[in-house]
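Chain and residue survey
If you want the building blocks of each chain, they are given just below.
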Amino acid sequence: QVQLVESGGGLVQAGGSLRLSCAASGRTFSSYAMGWFRQAPGKEREFVATISWNGASTYYADAVKQRFTISRDNAENTLYLQMTSLKPEDPTVYYCAASSSSSYLLSRIPDFGSWGQGTQVTVSA
């Protein structure tokens, strides 16, 4: 298992930007496809984006395409999510997750075996 810790959340105005980080430890980070999910209060956790083990391929939910960018630095064991044009309706808690699958076209929660504790993002109108 790989241990994941998110950071970078906070309060931002609508239209603003924020970069989330996810630090990994334990098993070899570069052997995992990685993803970001998010969850609003009272709602189900939803897929945001995934990235292949080497960073060459990415996959996004329609709701965040053209606004969010997922990336990774395998030398630093860190996953990132650059968020721009944030909206008040963007869900609040963001989670990073690791998958041992060889595919990066992953969007379901069961596809991921390790999760971080989440970082809160609040977008003010």
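Residues numbered from 1 in each chain as written. Predicted model: local features only at pLDDT ≥ 70, side-chain atom pairs only at ≥ 80, totals over all residues. Heavy atoms only, no water.

Regarding its fold elements, the protein presents 0 helices and 11 strands. Seen through its principal axes, the protein has C-alpha atoms that stretch 40 × 25 × 25 Å. Per-residue burial for the protein yields a buried fraction of 46% across its 125 residues. When contacts within the protein are restricted to residue pairs at least 6 apart in sequence, those whose partners lie at least 24 apart make up 59%. Mean positive and mean negative side-chain charge positions of the protein (10 and 9 charges, respectively) differ by 2 Å. (Helix = DSSP H or I, 4+ residues; strand = E, 2+ residues; numbered from the N terminus. Buried < 20%, exposed > 50% of the residue type's maximum accessible area, 1.4 Å probe, protein only. Contact = heavy atoms within 4.5 Å. Lys, Arg positive; Asp, Glu negative; His and termini not counted. Charge placed at Lys NZ, Arg CZ, Asp CG, Glu CD.)

Another point: the side chain of Arg 67. Tracing the backbone through its elements, the reader meets Arg 67 in the loop between β6 (58-60) and β7 (68-73). The exposure class assigned to Arg 67 is buried, which follows from its relative accessible area of 10%. Residues in contact with Arg 67, not counting those within four places in the same chain, are Arg 38, Gln 82, Met 83, Thr 84, Ser 85, Leu 86, Lys 87 and Asp 90.

This part takes up the nonpolar core. Formed by 34 residues in total, the largest nonpolar core has its most connected members in Trp 36, Leu 79, Leu 81, Met 83 and Tyr 94. Put simply, the parts of the chain that give this core at least two residues each are β1 (2-7), β3 (18-26), β4 (33-39), β5 (46-51), β7, β8 (78-83), β9 (93-99) and β11 (119-124). In this structure, Met 83 is in contact with Gly 16, Ser 17, Leu 18, Leu 20, Arg 67, Phe 68, Tyr 94 and Val 121, ignoring residues within four places of it in sequence. (Core = buried A, V, L, I, M, F, W, Y, C linked by side-chain atoms within 4.5 Å.)

Quick look at the sheet that holds β8 now. With antiparallel pairing, the 4 strands of this open sheet are ordered in space as β1-β3-β8-β7. Two strands close off the open sheet at either side, each with one partner strand: β1 and β7. On average, each strand axis in the sheet is inclined to that of its neighbour by 20 degrees, with strand direction left out of account. Pairing analysis gives 6 bridges linking β7 to β8, with the strands arranged antiparallel. (Pairing = 2+ DSSP bridges. Axes fitted to C-alpha atoms, helices over the stretch in contact; angles between N-to-C directions.)

We now examine the state of the cysteines. Put plainly, two cysteines are in a disulfide when a covalent bond ties their sulfur atoms together. Applying the stated rule across the entire model yields 1 disulfide. Here Cys 22 connects covalently by a disulfide to Cys 96, the sulfurs 2.0 Å from one another. Across the disulfide from Cys 22 to Cys 96, rotation about the S-S bond amounts to roughly 55 degrees, and the bridge is consequently right-handed. With a gap of 74 residues between them, Cys 22 in strand β3 and Cys 96 in strand β9 connect regions that are remote in the sequence. Here Cys 22 falls in the buried class, since its relative accessible area comes to 0%. Residue Cys 96 is classed as buried on the basis of its relative accessible area of 0%. (Disulfide = S-S within 2.5 Å.)

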